[in-house]
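Residue-level listing of the chains:
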Amino acid sequence: MWSDDEDGPGFVKWLKSDVPIYWITGLPGSGKSTLMKYLYENPQTQSYISTNGQTVTMIGYFFHELGANKETSFDSLLASILEALSASFSTLASLYVRYFVELKKRLKSGPGKSPWHERHFKKALELIGESDAVGNVLLFVDGLDECSGDHRKQLEFLVPWIQSTQGKSLTIRMCLSSRPLQEIGLRLSAFLECRIHEWTANDISAYVRDRLGHTRRSLALSDQKPHAHHNGTIVDYLTDIVIGKAQGVFLWVEIVVNNLIVGLEEGFSDTELKECLDSLPPELEDLYARIFEQIPKDYIHDAMIYFKLALMHCRVGLLDFYLATRDPKEALTRKNQWSYEDHLAIKHACTRAETRIKSRCRGLLQVKQSEKDETASQHPPSETKDITPLVSVIGKRVEFLHLSVRDYIDSKTFATSSSFELVLDAFMASSIGLLKLLQPDQLFQSRTWADLMPESASKFSPLMEYTEEDDYCEIQFSGFRPIESLFIHAWFPADFPGSYQRRLLAELDRVCSLADKNWHSFYLRSALVEYGEIHIGVSVTCWNTDVFCLCLAYGLDTYVREEIEVYAYKLEERTGRPILHFFFDLCYTQYTIPNLDILRLLLRRGAKPNEVFDDKTSWEYALLTIDHLLNNGIKTPTNWTGPLMVLLEHGAIPNQRMRGSDSALMVVSNHLDGDKWLLDGAKGLIKALIHGGVEMDQGELEWVGTWCGQKIRAFMEKTLEEIQSSSSRIVETGL
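Every value quoted in this text rests on a predicted model; they were computed, and no experiment measured them.

Caption draft 1: Representation of the overall build of the protein chain within the structure. For the protein chain, the count of helices and strands is 37 helices and 10 strands. Scored against the burial criterion, the 735 residues of the protein chain give a buried share of 51%. For the protein chain, the share of sequence-separated contacts (at least 6 apart) that also reach a separation of at least 24 residues comes to 77%. Within the structure as shown, the protein chain displays about 33900 Å² of accessible surface, and the carbon and sulfur contribution to it stands at 50%.

Put into structure tokens, the structure is as follows:
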């Protein structure tokens, strides 16, 4: 990539030029993301840019990294660019603060809300031309083809926006990678292009010779296999065939080499190795199918279990993965395993599991050391006896070799079979097994400043740290991650035969109560704060939370219904935080609208929509949580008005002003679409609110007309007039 020759890949030529965009394209698995990360992190990239003495700001966004759905949205990319620009240029930060403050005033959004949409981010980025910021920005966008939405519209904004900054005091240039999709290629054809699969032959040759040669030498030294002493000729032959069939797709090479290594380790002869390679097709999906068919019958059951476990998570820790492969019954009967000997035995079991993953899945699943985890390197083997033998395990992750592998496995019939639901119990049991590795006094502990200092003797063990971290959360207490994982998996339907859900929840309560009898409230409050509930004023000691309340908060409807209808849970005897508050926590914990049947059941059994806690009635809390969901959810649910209507039907008093002095009607109006508002029940909700006594002043009505549409405003005004007219007739008739 660093060649400046005319017939080279052109990256250095692009850096030295004033061409705004460089496109790296290639077939799936050809190494685009690996190359993009290398170029983004390599200091040589900046050294070739002509900056006239100005600094170069590097901004990167990598769609290829498997993560939350929010990460793959276009507005998430735009928001990340805005954040990076604001952090690097103070004048832009001031400009964006003014823009979003004024916009928030116009949108009538209250505290803690995020009403921003893609159009707002686009407008903010277009304001760069109005600033006096000076500098050069190099933007790396990897995997645009994996971004959700219309790629045509995305590039119809990105390309002109990048071009508009050329020659300005702040210049932005972009290096973008994607598959060679027609809709992307047509819009980038005018810029420099690198077809990566045309430049990888030498790298592939070196990789194949190194991997196969190393394995051959290792087996020759061990002298354990009958065909271990393959000469160099077979390695040269296999290398040449691999290069010829690879078509520059590095992923294909990696999978094929992994299978050849398995053959070497299992004692294949030279002829068998040739036959194995000749049988592997050059197309990726055909290759996946062939490898899947070649999994031995004795291994296929284990392989299917492993694939199902991996489908549940983009990346899962090897320790969690191993615990999930054990019988869920063990999680119920197994005693706590916090001794050194227990940890050592589990470490050896994880090592065996890693070997089994490799042999059963034939390279389609892999175990990798997490780049973010440096625990093992911080604690050499001589120190692990004083910490835990699991130090060498907790940094490892199990993941699919590539996104395309995951998609292929997900398309297999077994992946959606009924037995797949048993994987949910497996991960719930894994969470309890992980908690049992900690002593009770190691649970629910937060790190102090001393624990964060590298030179201090921290009492916060690596295993405690492992249980606090999460890909999407930053909760700083041990045990949070496995508890959160258990409730997330328990959220899936649990009414299939043989589910261990109820017993696993009881065991979770037993284990956590050994550490803190009030753990339910402590955990839930931390989760709600992490998910965006910033208005919590009452101490958790007053919440009176139990497992039933947690199941309400996470939408475990089957459990909740059974507790009420079968086990006679006494709602009317509860004190502390109202039961409906827990019910609407679901808008935070799962970003989904709660079940209306469960809501009606709670109301029939004594739940009160006007009960006050933490200065909010349950009605107000419901409105706030649904408002939060609509502002922050990935997709607006179509049934969001349903719970509010049910509360109004059961006597909720809606005419109190919300935080920010907005009426309930104004909060609802923030989410009305001028074209689709009749389709989601909003019309009935507006009418019910107005009939319930909610009023709007003239300024609010004008805002509705401007931002929601004149049809909505006219409907509100007409409904208000009808009520006033009806009231006048009642007065006149003396009724």
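Caption draft 2: Molecular detail of the sheet that holds strand S8 (residues 396-400). Ordered in space as S6-S8-S7, the three strands form an open sheet in which the pairing is antiparallel. Two strands close off the open sheet at either side, each with one partner strand: strand S6 (315-317) and strand S7 (365-369). When strand polarity is set aside, the average angle formed by the axes of neighbouring strands in this sheet is 30 degrees. Taken together, the three bridges between S6 and S8 define a ladder with antiparallel strand orientation.

Caption draft 3: Highlighting the side chain of serine 30. Mapped onto the secondary structure, serine 30 falls in the loop between strand S1 (21-25) and helix H2 (32-41). In this structure, serine 30 is in contact with Ile196, His197, Thr200, Gly248, Val249 and Phe250, ignoring residues within four places of it in sequence.

Caption draft 4: Focus on the sheet that holds strand S2 (residues 56-62). Spatially, the five strands line up as an open sheet ordered S2-S3-S4-S1-S5, and their pairing is parallel. The open sheet has two free edges, formed respectively by S2 and strand S5 (192-195), since each of these has just one partner strand. When the angles between neighbouring strand axes are averaged without regard to direction, this sheet yields 15 degrees. With five bridges joining them, S1 and strand S4 (residues 170-178) adopt parallel strand pairing.

Caption draft 5: Spotlight on a negative patch on the surface. The grouping of Glu283, Glu285, Asp286, Asp407 and Asp410 at the surface amounts to a negative patch. For aspartate 286, the position within the fold is in helix H13 (residues 284-294).

Caption draft 6: Representation of empty space enclosed by the protein. One pass over the full model with this rule turns up three cavities of 30 Å³ or more. Space inside the second largest cavity adds up to approximately 60 Å³. Per-class residue counts for the lining of the second largest cavity are four nonpolar, two polar and four charged.

Caption draft 7: Seen up close, the packing of helix H11 (residues 250-265) against H13. H13 packs onto H11 with a crossing angle of 20 degrees between their chain directions and a minimal axis gap of 10 Å. In terms of axis orientation, H11 runs roughly parallel to H13. Between H11 and H13 lies a crossing whose hand is left-handed. Contacts between H11 and H13 pair Leu251, Trp252, Ile255, Val256 and Asn259 from the former with Leu284, Leu287, Tyr288 and Ile291 from the latter. Tallied by class, residues from the contact of H11 with H13 come to eight nonpolar, one polar and no charged.

Caption draft 8: Highlighting the pairing of S1. Counting buried residues in S1 gives five out of five residues, a clear majority hidden from the surface. Taking every second residue as pointing to the same face, both faces of S1 are buried, with Ile21, Trp23 and Thr25 on one and Tyr22 and Ile24 on the other.

Caption draft 9: Examining helix H17 (residues 340-361) more closely. Here H17 spans 31 Å end to end across 22 residues, near enough to the 32 Å set by a 1.5 Å rise per residue. Along H17, the residues classified as buried are His343, Ile346, Ala349, Cys350, Ala353, Ile357, Ser359, Arg360 and Cys361. For H17, the elements touching its buried residues are helix H14 (297-312), helix H15 (318-324), S7, S8 and helix H23 (462-468). Of the residues trailing H17, arginine 362 is marked for its positive phi of about 55 degrees.

Caption draft 10: Focus on the pattern of salt bridges. According to the stated counting rule, one finds 21 salt bridges in the structure shown. Residue aspartate 302 is joined to arginine 360 by a salt bridge in which the shortest nitrogen-to-oxygen separation is 3.4 Å. Placement of the pair is aspartate 302 in helix H14 and arginine 360 in helix H17, with a sequence separation of 58 residues. Where aspartate 614 meets lysine 616, a salt bridge forms, and the shortest distance between an N and an O atom there is 3.8 Å. Here aspartate 614 and lysine 616 have matching classes, each one buried.

Caption draft 11: Structural detail: the packing of aromatic side chains. Under the counting rule described, the total for this entry stands at 23 aromatic pairs. Where phenylalanine 444 meets phenylalanine 477, the ring centres are 6.0 Å apart and the plane angle is 40 degrees; that geometry is what we call tilted. With a gap of 33 residues between them, phenylalanine 444 in the loop between helix H21 (422-435) and helix H22 (449-452) and phenylalanine 477 in the loop between H23 and helix H24 (480-490) connect regions that are remote in the sequence. For the pair phenylalanine 444 and phenylalanine 477, one class covers both residues: buried. Plain terms: the ring middles of phenylalanine 477 and phenylalanine 480 are 5.6 Å apart, the flat faces sit at 90 degrees to each other, and that makes the pair edge-to-face. Each residue in the set Phe444, Phe477, Phe480, Phe487, Trp519, Phe522, Tyr523 and Tyr554 is aromatic and connected to the rest through ring pairs, giving one cluster. Sitting above the plane of the tyrosine 237 ring, lysine 274 keeps its charged end 4.8 Å from the centroid.

Cut-off values and rules
- Residues numbered from 1 in each chain as written.
- Predicted model: local features only at pLDDT ≥ 70, side-chain atom pairs only at ≥ 80, totals over all residues.
- Heavy atoms only, no water.
- Helix = DSSP H or I, 4+ residues; strand = E, 2+ residues; numbered from the N terminus.
- Buried < 20%, exposed > 50% of the residue type's maximum accessible area, 1.4 Å probe, protein only.
- Contact = heavy atoms within 4.5 Å.
- Areas by Shrake-Rupley, 256 points an atom, 1.4 Å probe, with all protein chains shown as cover.
- Pairing = 2+ DSSP bridges.
- Axes fitted to C-alpha atoms, helices over the stretch in contact; angles between N-to-C directions.
- Patch = residues over 30% accessible without salt bridge, like charges linked within 9 Å, V, L, I, M, F, W, Y side chains within 5 Å.
- Salt bridge = Lys/Arg side-chain N within 4 Å of Asp/Glu carboxyl O.
- Lys, Arg positive; Asp, Glu negative; His and termini not counted.
- Charge placed at Lys NZ, Arg CZ, Asp CG, Glu CD.
- 1 Å grid on protein atoms, 1.4 Å probe; cavity = no way out; pocket = protein on both sides within 12 Å on 5 of 7 lines; lining within 4 Å.
- Points joined across faces, edges and corners; volume = space filled by probe spheres on them.
- Nonpolar A, V, L, I, M, F, W, Y, C, P; charged D, E, K, R; others polar.
- Parallel < 35°, antiparallel > 145°, perpendicular 65-115°, else oblique.
- Left-handed = near helix turned anticlockwise from the far one by under 90°.
- Expected span 1.5 Å × (residues − 1).
- Phe/Tyr/Trp six-rings, centres within 6.5 Å; stacked < 30°, edge-to-face > 60°.
- Lys NZ or Arg CZ within 6 Å of the ring centre and 35° of its normal.

Structural measurements only, silent on function.
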